[in-house]
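Summary of the model geometry
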Amino acid sequence: MAWQMACLLAVILLSGCQGMRDVKRGKPLDVVIKPSILEKNPCYKAGRKIEVKGLMLHSVGCPAPSGERWVKSWNREDYGRACVHGFIDAHTGVVYQTLPWDHRGWHCASGPKGSGNNAHIGVEMCESQFLKYTHGATFTCSNEEASREMALRTYRSAVNLFAYLCHQYHLNPLEEGVIVSHAEGNKRGIASAHADPEHLWRQLKMPLTMDGFRKEVAAKLRLYNLPFWKRLDDGRKARHVIRHYGTRG
Ligand SMILES: [Zn+2]
């Protein structure tokens with residue numbers, strides 16, 4: 001057994017090193033990103049850039065699991081209502097990147113304290129075709145098992161994508177207000193009154209939460225031994241020397 005254990009350990013260590021090298025070269029962490037920029041959407045044409053200070057997690061709020069279909073329906077000159085940075089396909093977990101990450105999106109509208117669009121990247125998780133929305137964020141579901149599977153798949157891809165983006169933009173996933181859901185953005189006064197994505201997990205009776213999500217993103221960065229960043233009071237960012245997420249900062 002000893003040599004099998006040694007081999008297993010070597011494989012884990014080697015793949016960890018490769019992963020760390022990849023991400024330091026700017027490659028995504030364990031997630032497939034398919035460039036699908038919405039070049040015809042008026043938001044893309046507006047051409048505004050942001051300094052990325054946070055990431056907002058959304059869920060589409062209707063039974064449409066295919067990322068490709070979302071791309072098709074929003075890549076139109078007459079679709080000026082909304083635009084996000086990516087859709088996560090519920091069947092495959094593939095991320096369709098629909099705006100450059102530092103482009104100003106139209107994903108969360110605004111609240112009394114301004115708009116998350118000015119500083120947050122917004123990513124939508126696609127939802128199961130077995131949901132039927134009855135009113136607002138309330139739905140019935142004709143296949144809970146398949147719907148949970150899809151919700152978990154998009155959640156896992158979102159963890160990997162957000163870990164990658166935290167690394168790219170020097171964000172600390174555990175810092176207050178950095179990773180938020182649309183619903184949390186609303187509570188913080190920077191987004192419209194939506195319940196996503198927690199409404200999905202709650203009604204599908206899944207033990208998923210935004211706190212858990214943030215911890216998983218941090219764990220992913222820790223797994224790859226990546227440094228984390230802390231925003232200083234004056235707004236500058238400083239590299240933290242302590243590499244253990246969750247213990248400091
Ligand atoms: Zn939303």
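Residues numbered from 1 in each chain as written. Predicted model: local features only at pLDDT ≥ 70, side-chain atom pairs only at ≥ 80, totals over all residues.

Attention shifts here to the overall build of the protein. Scanning the protein from N- to C-terminus turns up seven helices and 10 strands. Within the protein, the fraction of its 249 residues that count as buried is 39%. Sequence separation of at least 24 residues holds for 71% of the intrachain contacts in the protein that already meet a minimum separation of 6. (Helix = DSSP H or I, 4+ residues; strand = E, 2+ residues; numbered from the N terminus. Buried ≥ 20, exposed ≤ 12 C-beta atoms within 10 Å, placed from the backbone. Contact = placed C-beta atoms within 7 Å.)

Counting 51 residues, the largest nonpolar core has Leu55, Ala158, Phe162, Ala163 and Val217 as its most contacted members. At 11 residues, the largest contribution of residues to this core is made by helix H4 (residues 144-168). The contacts of Ala158, once residues within four sequence positions are left out, are Leu57, Ile88, Val123 and Met125. (Core = buried A, V, L, I, M, F, W, Y, C linked by C-beta atoms within 7 Å.)

Another point: H4. Spanning 25 residues, H4 covers 36 Å between terminal C-alpha atoms, matching the ideal 36 Å at 1.5 Å per step. Looking one or two residues past H4, His170 carries a phi angle of roughly 55 degrees, positive in sign. (Expected span 1.5 Å × (residues − 1).)

Moving on: the pairing of strand S7 (residues 138-141). In terms of strand pairing, strand S6 (residues 131-135) meets S7 through four bridges, oriented antiparallel. Its bridge partner lying in S7, Tyr133 is registered against Phe139. Counting the residues between successive antiparallel strands, the hairpin from S6 to S7 contains two residues, one of them, Gly136, with a positive phi of roughly 55 degrees. (Pairing = 2+ DSSP bridges.)

Okay, the sheet that holds strand S8 (residues 179-181) next. Across the sheet, which stays open at both edges, the six strands sit in the order S1-S4-S3-S5-S2-S8 with mixed pairing between neighbours. Edge strands, defined here as strands with exactly one partner in the open sheet, are strand S1 (33-35) and S8. Taking each pair of neighbouring strands and ignoring which way they run, the sheet shows an average axis angle of 25 degrees. The strands that helix H3 (residues 67-74) touches are strand S3 (86-88) and strand S4 (95-97); relative to S3, the one it contacts most, it runs at about 150 degrees. Strands strand S2 (54-59), S3, S4, strand S5 (120-125) and S8 of the sheet are contacted by H4, whose axis makes an angle of about 160 degrees with S5. (Axes fitted to C-alpha atoms, helices over the stretch in contact; angles between N-to-C directions.)

For H3, the set of buried residues is Gly67, Trp70, Val71 and Trp74. The buried residues of H3 all sit within an arc of 100 degrees when viewed along its axis, so they share a single face. H3 presents Lys72 and Ser73 as exposed residues on the side facing more than 90 degrees away from its buried surface. Here the buried face of H3 lies against S3 and S4. (Arc of directions from axis to C-beta.)

Moving on: the environment of Cys141. Take Cys141: it is sitting in strand S7. We classify Cys141 as partly exposed; it has 17 C-beta atoms within 10 Å. Along the backbone, Cys141 and Gln203 are 62 residues apart, and their C-alpha atoms lie at a distance of 9.1 Å. Apart from the residues lying within four places of it in its own chain, the contact partners of Cys141 are Phe130, Leu131, Ser147 and Leu204.

Just distances and angles here, no functional claims.
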